[in-house]
Each structure stands twice: as structure tokens, then as C-alpha cells.
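A closer look at the structure
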Amino acid sequence: NAGVTQTPKFRVLKTGQSMTLLCAQDMNHEYMYWYRQDPGMGLRLIHYSVGEGTTAKGEVPDGYNVSRLKKQNFLLGLESAAPSQTSVYFCASSKPPGTSGSRAQETQYFGPGTRLLVL
Amino acid sequence: TQLLEQSPQFLSIQEGENLTVYCNSSSVFSSLQWYRQEPGEGPVLLVTVVTGGEVKKLKRLTFQFGDARKDSSLHITAAQPGDTGLYLCAPDFSGNTPLVFGKGTRLSVIA
């Protein structure tokens, strides 16, 4: 079991370039998430998905798009990168809330992160 | 809008000392998770608390969920260098929307 993997690990972009970050999970989880982490800001949710073919906006969705064509993959796209998008990006996956029998949210399993620098 | 605050923001202590970090909100949450993130890695779940007043222990870590369900604390006894990391709380305000993560407490335990 690889868990949650992210590709690439590190990338440098010039302003205006585009790129796609790939997240893959092998735990058959319905829910997947993309976060960004900046110094002193904690984890902020960009977009999430509650199942194949669905996506929803999080706290900071502007400048990003996502797709969930397959259950195991969640792609994060930057169409025109800006220096403000320099960050560490984390993907996570989880079972739907309540799966384990309690009313609590389920465990989120995180990938190792992608460090993105936009010049 | 729910306000969420973690304190302290930074903490540097000597090995063997005890410490407590806090997670406070202006709103009630139905449950709360604590995660630890080590440098260069993604966060890993430590515990989920569900019931007001609940206390959970994980080796030297003690987690408490406030009676009013607006706060939680994490107490570490006899801290070790391996406890170094970013401690994040993530309350569930509604059960139907994604978790909100706090900004974290960055702990450094010096040998």
C-alpha cells in the first residue's frame, strides 16, 4: 500500500505558466482534498471531491481548477501561475463521514506534499 | 464565520519538560481531530475526540475536549525530541462540510 502519493515533489514555474499536480490514492477512498500550506497560515482547503466526477470549492479556490475523473486520482491545475501561488501543496483522502460508526469525521491521509515555486 | 485559534504559535522547550497547547473557537464543534506534522511530511492523525469533556491518552499525550465543545487541549508529559513538529487541530463544525485546520503550534524539543 502506497497510501497517498503526489507528483511532482518539487517544481519551479515562471509567472503565467500552467501545470497540473497529480494525487493518487490506493485506499479506495471516496473523499479527496487539495490544501495549500503557507508559513503561519496552517492548511487551507483549495478544492475537494466527495466522489468520482464531483468537485467542490474550498476556502481558497481562486486560480485553481480540479478534476476527479477516476476515483483514485485527483488533479489540481494552475492555468496561469502567479507568485502568490508559491506554496506547499498537500493532497489528502478519507472515507465519507460516519463510515466508522461515529458522527466524527474520518481520518484524513495526507501525501508527502509538492513544493511549488512561482517566479 | 467560525473563529479558530491555536496557542501558543511557537514553543521551544527542553527534553523532559511538560507542555500544553490549546485550540479554541467561538463556535461549538461536533468533533475535533489533532494532527502532527513533521518537517517535510504531511500531517498524521493523532486522535479524534467526539464527546464534550472527553479525555483520551496516547502514551505521553493527553487530549481533552472541553465541556462546552468549543475548545480542546493537548498535554505532553516529559517531552522528547521526537515530539518536535507542528500540531494542528481540526474541528468539525457541522459534520457535513470539510474540516477547518488551525494555524498550528510549532513545537521544538531540545535534547
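Let me sum up the structure you'll find in this document. (Residues numbered from 1 in each chain as written. Chains lettered and ligands numbered in written order. Predicted model: local features only at pLDDT ≥ 70, side-chain atom pairs only at ≥ 80, totals over all residues. Heavy atoms only, no water.)

**Digging into the nonpolar core**
L19, L32, W34, F63, L74, I76 and L107 of chain B are the most contacted members of the largest nonpolar core, which has 21 residues in total. Ignoring sequence-local partners within four residues, the contact set of L32 of chain B consists of C23, V47, T48, V49, S72, C89, A90 and P91 of chain B. Core analysis: the next-biggest nonpolar cluster, separate from the first, contains 18 residues, L21, V66, F74 and Y89 of chain A among them. (Core = buried A, V, L, I, M, F, W, Y, C linked by side-chain atoms within 4.5 Å. Buried < 20%, exposed > 50% of the residue type's maximum accessible area, 1.4 Å probe, protein only. Contact = heavy atoms within 4.5 Å.)

**A word on the interface of chain A and chain B**
With 20 residues of chain A at the contact, the number on the chain B side is 25 residues. Between chain A and chain B the total buried area reaches about 1,700 Å² when both faces are included, carbon and sulfur atoms providing 56% of it. Per-residue buried area on chain A facing chain B is highest for L43, R103 and Q105 of chain A; these three make up 34% of the total on that side. Linking chain A with chain B are 0 salt bridges, by the criterion used here. Between chain A and chain B we count 4 residue pairs in polar contact (both at pLDDT 80 or more) in total. Every element with two or more residues in the side of chain A that touches chain B is listed here: strand 4 (31-38) and strand 5 (42-49) of chain A. Top contributing element to the side of chain A that touches chain B by residue count: strand 5 of chain A, with 4 residues. A per-class count over the side of chain A that touches chain B returns 11 nonpolar, 7 polar and 2 charged. (Buried area = accessible area lost by both parts, 1.4 Å probe. Salt bridge = Lys/Arg side-chain N within 4 Å of Asp/Glu carboxyl O. Polar contact = N/O pair within 3.5 Å; in protein donor to acceptor, adjacent residues only side chain to side chain. Helix = DSSP H or I, 4+ residues; strand = E, 2+ residues; numbered from the N terminus. Nonpolar A, V, L, I, M, F, W, Y, C, P; charged D, E, K, R; others polar.)

**Details of the sheet that holds strand 1 (residues 4-7) of chain B**
All names here are of chain B. What the 5 strands build is an open sheet, ordered 1-3-8-7-6; its pairing is antiparallel. The open sheet terminates on both sides in strands that have one partner only, identified here as strand 1 and strand 6 (55-58). Adjacent strand axes in the sheet meet at a mean angle of 15° when their direction is disregarded. (Pairing = 2+ DSSP bridges. Axes fitted to C-alpha atoms, helices over the stretch in contact; angles between N-to-C directions.)

**What to know about the pattern of salt bridges**
Residue and element names in this part refer to chain B. Applying the stated criterion across every chain, the model contains 6 salt bridges over all chains. Taking the shortest distance from any N to any O, the salt bridge between K56 and E54 comes out at 3.8 Å. Given a relative accessible area of 31%, K56 falls into the partly exposed group. In this structure, R60 engages D83 in a salt bridge whose closest nitrogen and oxygen atoms are separated by 2.9 Å. Residue R60 is located in the loop between strand 6 and strand 7 (61-65), and its partner D83 is located in the loop between strand 8 (71-76) and strand 9 (85-92); the two are separated by 23 residues in the primary sequence.

**Digging into the packing of aromatic side chains**
Using the criterion set out here, one finds 10 aromatic pairs over all chains in the structure. Taking 5.7 Å as the distance between ring centres and 5° as the angle between the ring planes, the aromatic pair formed by F29 of chain B and F65 of chain B counts as stacked. With F29 of chain B in the loop between strand 3 (19-25) and strand 4 (31-37) and F65 of chain B in strand 7, the pair connects residues that are 36 residues apart, well separated along the chain. Of the two residues, F29 of chain B and F65 of chain B, both sit in the buried class. What links up through ring pairs into an aromatic cluster is the set Y31, Y33, Y35 and F110 of chain A together with Y35 and F101 of chain B. (Phe/Tyr/Trp six-rings, centres within 6.5 Å; stacked < 30°, edge-to-face > 60°.)

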